[in-house]
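Structural overview
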Amino acid sequence: MSDLKARPAPDAAPAAPASASRPRPRIRGVGEVAALVVLVVVFAVLNPGTFLTLDNLRTVLDQAALPLVIGVGATLVILMGSIDLSVEGVMGAAGMTFVLLSANDRNGLDLGLGAFVVAVAVGLALGLLTGLIHTLLKVPSFIVTLGVWYVGLGIATLLFGQAAIPFLTSDGLTSWPSDTTLGLPHSFLLAFVVVALGALVSRFTRLGRYAFAIGADEQIAQDNGVPVGRYKLYVFALAGGCSALAGIVGSLQLGAGAANVGIGNLFLTIAAVVIGGTALGGGKGGVLRTALGVVLLTVLNNGLILSGVSPNIQSAVSGVVLIVAIAAAGWAYRGRLRIAK
Amino acid sequence: MSFTTTSRVRRLIAGALAATVVGTLATACSTTSGSSTGAAQEAIPKEDIVLVASVINLTNPYMASMVEGAKALSAELDVPLKIVNSNGSSQTEISQIQAILAEGKKVVLMVNTVASSDAPPIVNAVKAAGGYVTIWWNKPDDFEPWTVGDNFVAFQKHPGVESGRCTGDALADGIGDEGNIIALPGVQDSTTSQTRVAGLEDALKDHPNVKLLEQRPANWDQQIAFKETQSLLAKYGDEIDGVWAADDAMMLGAIEAVKKAGRIDDVKFASDGLYPPTIEMMKSGMGDDAIVGETFHRGYMAAATGLYTSYLAATGELKVADMTKEQRNSLFKISCVTPENLDEFTKYDTDVEGWVKQLVENGPFDTEPATLIGQGPEKLPGS
């Protein structure tokens, strides 16, 4: 990640007031926080004794971990005004790579940490491939990433092969995500670190600032000397890396390799990015907002399950929430002609 | 602005209308062309035949097993084989089968349809090309082989109600005939899943002290089952004594979730399919002998039986017109497996070729352990 030219993080927490030249966090996001509070209160009343328990909190945090990690990459991509639909494919390819290179019951390989490195590299490579096609061949990110989704899924399917399900054989490894430190599951702690790094990168590094600039107006960014193509490459590679990391954690949670380990994560993540308030057109938003969106949606799903809402209605509710959120976010701009990329 | 919006809406509506009309016409055309040909059964020489096995995907172990069975039969009969991977899409499935039909060789097909509604277009296409098809698992109830003609040789499946009863009984007994269970059905509109759940509910009538707390469909998927179980564990906590799943992939996901919740020694499981990892877990007594009930049926047996039925019709060895209704809409035996009788069933998997040899010797309806036991469609309990 040396390409990122990350400056050392300031001593203060990321929320500390930045210098005048940096955009201050506006007091938007209040609506999302309020929505989260309302959800928590409603579900706590509906499910006394089950919703506000330590066990359920751990479940929510464990389930939020994957979309949180993916959300970091997805937010940066969407900030640039592009979109990354390849999430589930990259997760599958990286997850299967990780499982087959770790101690498993299909082959004798056990590369230990090497498996992790190779799997993340697979994600970076797929992200890089996306970026190259997008920037060199000028193919819209929507269609490139749709293709790469299936390329990733294809790689995962090939790796899965036709033999029995490959299980991870090291109990220490598979129990890692749900084991707790300070009462919090490791999967969530990892996601927390990734989100914090993502927030720092997007606020304090050239990569992050350029992503905003490219999303706000690519032409102006280019005219001002931003190497647009190069930074798009970096962002897509970073997003691929995030998806890969999520694929690895997902495989650890499952304790086995599965080509569709990422199933359902694309919808959840894109929805979280939008609900968090990052504009699909690019230029506005942020990683922390997405994190809030993820938590909101995870709590919503969890609460609906605890309340005994039928799964059919539940998926419809998720869809409605997404559409309402997009409509609400775009309300101010509805009169203007905006091009959604 | 308003003008452009209206005209765009109008164009959209016109487009949608046009698409519907074209779609309807296409369906109508294929239906008429289908019924006009392929009347009498003529023996096809072996060298003109290509075996085709169409499966839903290649990532599910059951599907992989189907492919294994098709390959073994192809080797045994010395007839070439093509595999169609539908990738979960009816569209992919139908277009790939049509492409193979267009190549000219006589197609002998076994298809595990992605959705029931795929059966008529596939059957019609095969009939028009003079091939023979046997369908596994999914078809509309009122679409019967004998109303289509000889080219739709048979529909075959294992009874889901029986599977649900087997595993439901075993799970209830496994938790000491008293306590709470949760259930993970497959895709909600799948008849296979619905019949298995109906069997479970029927079995529970004999166990009044066993309560089914909640059903959460997990789409036949290990990962989704993991998440659903995680949520249900958060909801019910220690109340859950047993987990029932409509197939083993989902049970394996549920087991992982229960393990992670630290309750693997307190919870029992029952499911359908006896996947290889399940066999290992049963043998090793994982948890406190956590897996108490399973069913035995195999993808390779299903695929080879279906393909062989089509093949016998194509070569004229089986006169389709003389086949009984039971042989054309068939239920094949499913075996209840418990830790006690597990060893009776593990022998088959180590010798797939041997089983296929037996199939070719005994014919598709009389090969243990998957013999023909009745006529479909399956009746749901109480209906």
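Please refer to the structure higher up on the page.
As the structure is a prediction and not an experimental result, all values here were calculated from the model.

About the criteria used
- Residues numbered from 1 in each chain as written.
- Chains lettered and ligands numbered in written order.
- Predicted model: local features only at pLDDT ≥ 70, side-chain atom pairs only at ≥ 80, totals over all residues.
- Heavy atoms only, no water.
- Helix = DSSP H or I, 4+ residues; strand = E, 2+ residues; numbered from the N terminus.
- Buried < 20%, exposed > 50% of the residue type's maximum accessible area, 1.4 Å probe, protein only.
- Contact = heavy atoms within 4.5 Å.
- Areas by Shrake-Rupley, 256 points an atom, 1.4 Å probe, with all protein chains shown as cover.
- Patch = residues over 30% accessible without salt bridge, like charges linked within 9 Å, V, L, I, M, F, W, Y side chains within 5 Å.
- Salt bridge = Lys/Arg side-chain N within 4 Å of Asp/Glu carboxyl O.
- Axes fitted to C-alpha atoms, helices over the stretch in contact; angles between N-to-C directions.
- Parallel < 35°, antiparallel > 145°, perpendicular 65-115°, else oblique.
- Left-handed = near helix turned anticlockwise from the far one by under 90°.
- Nonpolar A, V, L, I, M, F, W, Y, C, P; charged D, E, K, R; others polar.
- Lys, Arg positive; Asp, Glu negative; His and termini not counted.
- Charge placed at Lys NZ, Arg CZ, Asp CG, Glu CD.
- Buried area = accessible area lost by both parts, 1.4 Å probe.
- Polar contact = N/O pair within 3.5 Å; in protein donor to acceptor, adjacent residues only side chain to side chain.
- Pairing = 2+ DSSP bridges.
- Phe/Tyr/Trp six-rings, centres within 6.5 Å; stacked < 30°, edge-to-face > 60°.
- Lys NZ or Arg CZ within 6 Å of the ring centre and 35° of its normal.

This brings us to the overall build of chain A. Secondary structure summary: chain A contains 13 helices and two strands in total. In chain A, buried positions account for 52% of the 341 residues. A sequence separation of at least 24 residues applies to 78% of the contacts in chain A between residues at least 6 apart. Accessible area of chain A: about 14,900 Å², with a carbon and sulfur share of 69%.

Further remarks concern a nonpolar patch on the surface. A contiguous nonpolar surface patch, about 350 Å² in accessible area, is contributed by Val33(A), Val37(A), Val41(A) and Val45(A). Considering the arrangement of structural elements, one finds Val41(A) in helix α1 (residues 30–46).

Let us look at the packing of helix α8 (residues 222–236) of chain B against helix α9 (residues 248–260) of chain B. Residues and elements named next belong to chain B. Contact pair α8 / α9: the axes reach a minimum separation of 7 Å and the direction vectors enclose 45 degrees. Judged by the angle between their axes, α8 and α9 are oblique. Here α8 runs over α9; the crossing is right-handed. Together, Gln222, Ala225, Phe226, Thr229, Gln230 and Leu233 of α8 and Ala249, Met250, Leu252, Gly253, Ala254, Glu256, Ala257 and Val258 of α9 make up the contact between the two elements. Of the residues belonging to the contact of α8 with α9, the class tally is nine nonpolar, four polar and one charged.

On the surface, Asp265(B), Asp288(B), Asp289(B) and Glu340(B) cluster together into a negatively charged patch. Within the fold, Asp288(B) resides in helix α11 (residues 286–289).

Turning our attention to the interface of chain B and chain A. Between chain B and chain A, the contact holds 27 residues from the first and 33 residues from the second. When chain B packs against chain A, the two sides together hide about 2,700 Å² of surface, and 56% of this comes from carbon and sulfur. At the boundary of chain B and chain A, one finds twelve residue pairs in polar contact (both at pLDDT 80 or more). Counting residues per element, the ones that place at least two in the side of chain B that touches chain A are α2 (61–77), α8, α9 and α10 (276–284) of chain B. Ranked by residue count, the leading element in the side of chain B that touches chain A is α8(B), at ten residues. The residue makeup of the side of chain B that touches chain A, split by class, is twelve nonpolar, six polar and nine charged.

Take the sheet that holds strand β2 (residues 81–85) of chain B next. Residue and element names in this part refer to chain B. The strand order β2-β1-β3-β4-β5-β11-β13 describes an open sheet built from seven strands, whose pairing is mixed. In this open sheet, the two edge strands, each paired with only one partner strand, are β2 and β13 (372–375). Put simply, the sheet's adjacent strands are angled 25 degrees from each other on average, direction ignored. Summarising the sheet, strand β11 (residues 329–332) and β13 pair through three bridges and their orientation is antiparallel. Across the sheet, the residue bridging to Leu331 is Gly374, located in β13.

All right, on to the packing of aromatic side chains then. Counted by the stated rule, this structure contains 13 aromatic pairs over all chains. Joined through ring pairs, the aromatic side chains of Tyr62(B), Trp136(B), Trp137(B) and Phe332(B) make up one cluster. Positioned above the aromatic ring of Phe160(A) is the side chain of Arg106(A), whose terminal nitrogen or guanidinium carbon lies 5.9 Å from the ring centre. For the cation-ring pair, Lys139(B) lies above Phe155(B), with the distance from its terminal atom to the ring centre recorded as 5.0 Å.

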